[in-house]
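Residue strings, one per chain:
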Amino acid sequence: MGMLSEKLRNLYTRAEADALYLECDFLRRYVTGFYSTDGYVILDGEVCVFVADARYYEAAERALQGSGITLCEGAYPKALELLKKYRTLAVPYPFTNVSSFERLKAEGFGLKDGMPALKQAMLIKTEREISLIRSACSMAEEALLKLLPALKEGMTESEVAALLEYEMRRAGAEGTSFDTICAFGENGSVPHHETGLRKLKFGDPVLLDFGCKTQGYCSDITRTFLFGDDKKHEDFKKLYAEVYTAHELVKEKLVSGMTGREADAIARDYFESKNLAQYFTHSLGHGIGLQIHEYPVLSPKSEEALQDGMVFSDEPGLYIAGKAGIRIEDSCTLKDGKAVSFMTKTERNLVIL
C-alpha cells in the first residue's frame, strides 16, 4: 500500500470494485498526471498501472518517475491481460463508449459506474491543481491586455479570436480551454455565439469568452466592452451596471456550505428585483478543472453543497435577443469559506476602448 498516494487510495476505496479502469484521456491525466491521447490506467488497492504504447513510453517514464505509478509498455491486449485477475471493474459511464463497454462485458467483467468516485475526488482541488488554474487564469488575462490595444475597426470576430489565442500561447499556455467566443454587437445575444466573419464597427459591444490551459488545467473568463462610444448605447451601459452588480454580489455573498442553487439565486434574485431575470438565460456557473465544465454546478437545480477547495465560474449575464449580450465572468475558488477570484489583472467595470 505504501506505493499509492492518499489521493489514489481514497479513489480506489470510493470506487467499490476490484479495480478502477480508465481509457478516457482527461481522467487518465487526473489519476497519473501524465497526458497522452492513448493509454490505459488500472488502479486497485495496491498499485496503479499505466499502460502506454511506444509513442508515449519514453515521455511517460520520465514523467512518472518517483510517482509510485507502475509503467507498462503495450496497448489494449496488455491492459486486458492485466485486468484478467479482477471480476468487477469501475469504469466512468459518461466517458466510456458503447463499443468499449460491450468489449469488457464480453470478457466477462462485472461493470459499475466509477464516475461518482471520480467526481467526488475531482470536486475538491489540491493546492497544486489550484496553482495551475491560477496560472492559466493569469495567462488568459495577460493575453487580453495585449489584445485590447490591437483591436481595429473592420477586424472580423475570427481575427480577434485568433489574436487572442496567439497571445495566450505567447504567455505560455498549451492551448485553449474551449473554442474562443468573440461576438460583436447583436451577436452577443447568443450566449454561446459561434465566432464568425462579422466586422467590428465603431460603437459595437464586444463580448469575449475565452480561456487557456496549463498542464491540462483550464481557465475561463468573459469580458464585455464597448468599442468606442457612439452615445447610442445608454441602455447597454445601464444593463452592464446591473450585470456588474450581480457579478460582484456573488463574490460578496457566496459562502461555503451554500448549495449551487443558493449561489445561483444571489444573481438571479438581484436580476428579479430589477425585472431583468427573463434575460438571464443560463445558470450562474460551473466547475472548472481538467475540463472546462466540471463539478460543482451553480444552477437553479443544484443541491450540491459548495466547499472550500472547489473551483467554479461566476458568470451572470443578460441577453437581449437581436440587440446585445453582456456577461462578466471570473474563475473563482472557495477559500476560508469565501469566494476568491483568480482574475486580478483585468477590469470588470465597463471599459470603452
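Check the entry above for the structure.
What comes next is a walk through the structure. (Residues numbered from 1 in each chain as written. Predicted model: local features only at pLDDT ≥ 70, side-chain atom pairs only at ≥ 80, totals over all residues. Heavy atoms only, no water.)

A few points about the sheet that holds strand β19 (residues 351–352)
Strand order in the open sheet made by the 4 strands is β7-β8-β11-β19, with mixed pairing throughout. One side of each edge strand has no neighbouring strand; the edge strands of this open sheet are β7 (181–184) and β19. Here helix α7 (residues 127–147) sits on the sheet and contacts β8 (205–210) and β11 (221–226); the angle it forms with β11, its principal contact strand, is near 20 degrees. Each of β7 and β8 touches helix α8 (residues 157–170); the most contacted strand, β7, lies at about 145 degrees to it. (Pairing = 2+ DSSP bridges. Helix = DSSP H or I, 4+ residues; strand = E, 2+ residues; numbered from the N terminus. Contact = heavy atoms within 4.5 Å. Axes fitted to C-alpha atoms, helices over the stretch in contact; angles between N-to-C directions.)

Some thoughts on the packing of helix α1 (residues 6–15) against helix α6 (residues 115–123)
Interaxial distance between α1 and α6 falls to 8 Å at its minimum, and their mutual angle equals 145 degrees. Like other packed secondary-structure pairs, α1 and α6 cross with a definite hand, here right-handed. Along the contact surface, α1 presents Leu11, Arg14 and Ala15, while α6 presents Ala117, Leu118, Gln120 and Ala121. A per-class count over the contact of α1 with α6 returns 5 nonpolar, 1 polar and 1 charged. (Left-handed = near helix turned anticlockwise from the far one by under 90°. Nonpolar A, V, L, I, M, F, W, Y, C, P; charged D, E, K, R; others polar.)

Considerations on the sheet that holds strand β4 (residues 70–73)
Here we have 6 strands laid out as an open sheet, ordered β4-β3-β2-β1-β5-β6, and mixed in their pairing. Two strands close off the open sheet at either side, each with one partner strand: β4 and β6 (110–113). Direction aside, the axes of adjacent strands within the sheet are offset by 25 degrees on average. Sheet topology places strand β3 (residues 48–52) next to β4; 4 bridges connect them, and they run parallel.

What to know about the environment of arginine 9
Secondary-structure assignment places arginine 9 in helix α1. Through-space distance from the C-alpha of arginine 9 to that of glutamate 46 is 8.3 Å; in sequence the pair is 37 residues apart.

So, the nonpolar core
The biggest cluster of nonpolar side chains holds 65 residues, and the ones touching the most others in it are Leu11, Val31, Phe50, Leu118 and Leu208. With 9 residues, α7 is the largest single contributor of residues to this core. Apart from the residues within four sequence positions on either side, valine 31 is in contact with Leu8, Leu11, Leu22, Val41, Cys48, Ile69 and Leu118. With 31 residues, the next largest nonpolar core counts Phe236, Ala267, Tyr270 and Phe280 among its residues. (Core = buried A, V, L, I, M, F, W, Y, C linked by side-chain atoms within 4.5 Å. Buried < 20%, exposed > 50% of the residue type's maximum accessible area, 1.4 Å probe, protein only.)

Topic: the packing of helix α2 (residues 25–32) against α6
Angle between the axes and distance between the axes: these two values describe a pair of packed helices. Running from N to C, α2 and α6 point in directions that differ by 55 degrees, and their axes come no closer than 12 Å. One element, α2, and the other, α6, form an angle in the oblique class. Of the two possible hands of crossing, α2 and α6 adopt the one that is left-handed. Counted together, Phe26, Leu27, Tyr30 and Val31 of α2 and Met115, Leu118, Ala121 and Met122 of α6 form the full contact between these two elements. Within the contact of α2 with α6, the residues separate by chemical class into 8 nonpolar, no polar and no charged. (Parallel < 35°, antiparallel > 145°, perpendicular 65-115°, else oblique.)

Description of the pairing of strand β18 (residues 338–341)
Only one face of β18 is covered, namely the face carrying Ala339 and Ser341; the face carrying Lys338 and Val340 is uncovered. Bridge count between strand β17 (residues 330–335) and β18: 4 bridges; the pairing is antiparallel. Looking at β18, one finds that lysine 335 is bridged to lysine 338. The turn joining β17 and β18, which pair antiparallel and follow one another in sequence, is formed by 2 residues; a positive phi near 50 degrees is taken by aspartate 336.

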